[in-house]
Amino acid sequence: MKLKDVEFAPLCVPFKRRLETLAAAGWIYLVVFGGMTGWALFLYILMATRFWWAALIYGLWIYLDRSVAWNSPDRFRFVRRLGWWRHFKNYFPVSLVKTHDLPADKSYLFATYPHGVLCAGSFSNFATDAGQFSELFPGLTSYLITLSLHFCMPFSREIGIGLCLQESSEKSLMNLLDNKKGNVAVLMVGGVSEAFKSFPGPYHLILKNRKGFIRVALQTGASLVPVFSFGETSVYGMGQAEPNSFWEKVLKVIKWKSGNKVPVGRGFFQYSFGIVPRRHPIVTVVGKPIDVPKIAKPEKEDIEKYHQIFIDELTQLFEEHKTKYSKHPDEMELVLD
């Protein structure tokens, strides 16, 4: 049903689909507002309840436990196994494709593209047990790399720890990969900069000047694996703030890096606008491992060599699979920035 350009969801939607939408909405709330909610609850307990002492102890624990961001603890692993994540996976749906065997006698650095607005495909496949990762790659354990600030957020940090998230730092990657077997560090190389380019159409990847992950792979001897998530940039549409409008002023205040372009999702009961991602299949393809030598202090030439090899392998992976998993002609182009 449409009312003034707003398309509402049918009343008789199966309960299973409602659960999937709720799971997607809960995920986006956790990612975007989880930290703020945690801080608000923490400050309320500290300043307005008789349990202020518990908040103080917890705050001290967050400070003392800050190494959890880089030392990959085996804590709260049940969070990865929650059935709730299956509803999230089935919402899009998200799937995982294996192209080569990855023996568990070494470590791997998955360099994943594209980032997307909030990397739904990588989250579902590598931060939860809802998918087929453990079946396709037995003996391997995946650790999704994320921003370090998530480990400073009361309460939501514990969920992140249970999901085996690790901070985006060289120290964290070295700890995961150096002299380790069976560990997989999953890194969205394009980062936040690429997220601002994640709109439907040609895939814009931030890669040409991103070489730190190559250096880490060489220092640890971990095999580089190109990974591409088809459909990741289609779960949000593209909207535009009108010139001189209130929203354009808001974008300028927060120093939005995409000009007046903004991602547009859906709501819980309507499909026209909102922050919940839209239903669109995401297929994550894990490519061929690139074996690299272990070099304690890699030279610039070594980094450049394997960086070009990675670009070639990622491009080949995209070209081989784009017609299988992309439906729109404008998604057949890869743009490297």
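Model, not experiment: these values are computed from the prediction. (Residues numbered from 1 in each chain as written. Predicted model: local features only at pLDDT ≥ 70, side-chain atom pairs only at ≥ 80, totals over all residues. Heavy atoms only, no water.)

### Some remarks on the overall build of the protein
The helix and strand tally for the protein stands at 11 helices and 13 strands. Relative to the compact-globule value of 20 Å for 337 residues, the protein shows a C-alpha radius of gyration of 21 Å, a close match. Taken over the C-alpha atoms alone, the protein extends approximately 60 × 60 × 40 Å along its principal axes. Here the protein, with 337 residues, has 48% of them falling under the buried criterion. In the protein, the share of contacts with a sequence separation of at least 24, taken over all contacts with a separation of at least 6, comes to 79%. (Helix = DSSP H or I, 4+ residues; strand = E, 2+ residues; numbered from the N terminus. Rg over C-alpha atoms; globule rule 2.2 N^0.38 Å. Buried < 20%, exposed > 50% of the residue type's maximum accessible area, 1.4 Å probe, protein only. Contact = heavy atoms within 4.5 Å.)

### Examining the environment of Ser 122
With respect to the element layout, Ser 122 can be found in helix α4 (residues 120-126). Separated by 198 residues in sequence, Ser 122 and Glu 320 have C-alpha atoms that sit 20 Å apart.

### Details of the packing of helix α1 (residues 15-48) against helix α2 (residues 52-64)
Helix-helix packing is described using two parameters, namely the angle between the two axes and the distance between the axes. The contact between α1 and α2 brings their axes to 7 Å, and the two run at 135 degrees. As judged from the angle between their axes, α1 and α2 are oblique. The chirality of how α1 crosses α2 is left-handed. Of the residues in α2, those touching α1 at Phe 42, Ile 45 and Leu 46 are Trp 52, Ala 55, Leu 56, Tyr 58 and Gly 59. For the contact of α1 with α2, the per-class residue count stands at 7 nonpolar, 1 polar and no charged. (Axes fitted to C-alpha atoms, helices over the stretch in contact; angles between N-to-C directions. Parallel < 35°, antiparallel > 145°, perpendicular 65-115°, else oblique. Left-handed = near helix turned anticlockwise from the far one by under 90°. Nonpolar A, V, L, I, M, F, W, Y, C, P; charged D, E, K, R; others polar.)

### Here's the deal with the sheet that holds strand β7 (residues 183-188)
The sheet built from 7 strands is open, its strands ordered β3-β12-β9-β4-β7-β5-β6 with mixed pairing. The sheet is open, and its two borders are formed by β3 (94-98) and β6 (166-167), each paired with just one other strand. Pairing geometry for strand β4 (residues 108-113) and β7, over 5 bridges, is parallel. Pairing of Tyr 108 across the sheet is with Val 184, part of β7. Here helix α7 (residues 170-177) sits on the sheet and contacts β4, β5 (141-146), β6 and β7; the angle it forms with β7, its principal contact strand, is near 150 degrees. Strands in contact with helix α11 (residues 300-325) are β3, β4, β9 (223-230) and β12 (282-286); relative to β9, the strand with the most contacts, it is inclined by about 30 degrees. (Pairing = 2+ DSSP bridges.)

### Digging into the UniProt feature "transmembrane region" (unreviewed entry) in the protein
When the UniProt feature table is mapped onto this chain numbering, "transmembrane region" (unreviewed entry) sits at residues 21-45 and 51-71. The span residues 21-45 shows a helical share of 100% and a strand share of 0%, and its end C-alpha atoms are spaced 31 Å apart. (UniProt positions renumbered as here; feature names shortened; annotations may be inferred.)

### Structural notes on α11
Here α11 contains 26 residues, and its C-alpha end-to-end distance of 36 Å stays within 8% of the 38 Å for a straight helix at 1.5 Å per residue. At Glu 319, α11 shows its strongest bend, of approximately 30 degrees. For α11, the complete set of buried residues consists of Ile 303, Tyr 306, His 307, Phe 310, Ile 311, Leu 314, Leu 317, Phe 318, His 321 and Lys 322. Buried residues belonging to α11 abut β4, β8 (203-205), α9 (212-220), β9, β12 and β13 (334-336). (Expected span 1.5 Å × (residues − 1). Bend = angle between axes of the 7 residues up to and from the residue.)

### A few points about the nonpolar core
Buried together is how nonpolar side chains tend to be arranged in soluble globular proteins. Counting 42 residues, the largest nonpolar core has Phe 110 and Val 286 as its most contacted members. With 5 residues, the single largest contributor to this core is α1. By size, the runner-up hydrophobic cluster in this structure holds 36 residues, among which are Ala 111, Tyr 143, Leu 224 and Ile 303. (Core = buried A, V, L, I, M, F, W, Y, C linked by side-chain atoms within 4.5 Å.)

### Topic: the pattern of salt bridges
Applying the stated criterion to the full structure yields 13 salt bridges. With a shortest N-O distance of 2.6 Å, Lys 16 and Glu 20 are connected by a salt bridge. Taken together, the residues Lys 16 and Glu 20, both in helix α1 and 4 residues apart, mark about one turn of the helix. The exposure class of Lys 16 is exposed, given its relative accessible area of 51%. Through salt bridges with shared partners, one network takes in Asp 65, Arg 75, Arg 157 and Glu 158. (Salt bridge = Lys/Arg side-chain N within 4 Å of Asp/Glu carboxyl O.)

### Points about a nonpolar patch on the surface
Together, Tyr 29, Val 31, Val 32, Phe 33, Met 36 and Ile 275 line one region of the surface with nonpolar side chains, adding up to about 510 Å² of accessible area. Inspection of the secondary structure puts Val 32 in helix α1. Since its relative accessible area comes to 37%, Val 32 is described here as partly exposed. (Patch = residues over 30% accessible without salt bridge, like charges linked within 9 Å, V, L, I, M, F, W, Y side chains within 5 Å. Areas by Shrake-Rupley, 256 points an atom, 1.4 Å probe, with all protein chains shown as cover.)

### Quick notes on the side chain of Gln 219
Checked against the element boundaries, Gln 219 lands in helix α9. Ignoring sequence-local partners within four residues, the contact set of Gln 219 consists of Glu 170, Met 174, Asp 178, Lys 294, Ile 295, Ala 296 and Pro 298.

### Remarks on unusual backbone geometry
Geometrically, the link from Phe 92 to Pro 93 is a cis peptide bond, its omega value of -5 degrees lying close to zero. Structurally, Pro 93 is set in the loop between α3 (84-91) and β3. Here the residue pair Tyr 113 and Pro 114 is connected by a cis peptide bond, since its omega of -15 degrees sits within 30 degrees of zero. Secondary-structure assignment places Pro 114 in the loop between β4 and α4. Even without being glycine, Phe 76 reaches a positive phi, approximately 60 degrees. Inspection of the secondary structure assignment puts Phe 76 in the loop between α2 and α3. Non-glycine residue Asn 179 carries a positive phi angle of around 55 degrees. Following the sequence through the fold, Asn 179 ends up in the loop between α7 and β7. Residue classification places Asn 179 among the exposed positions, given a relative accessible area of 65%.

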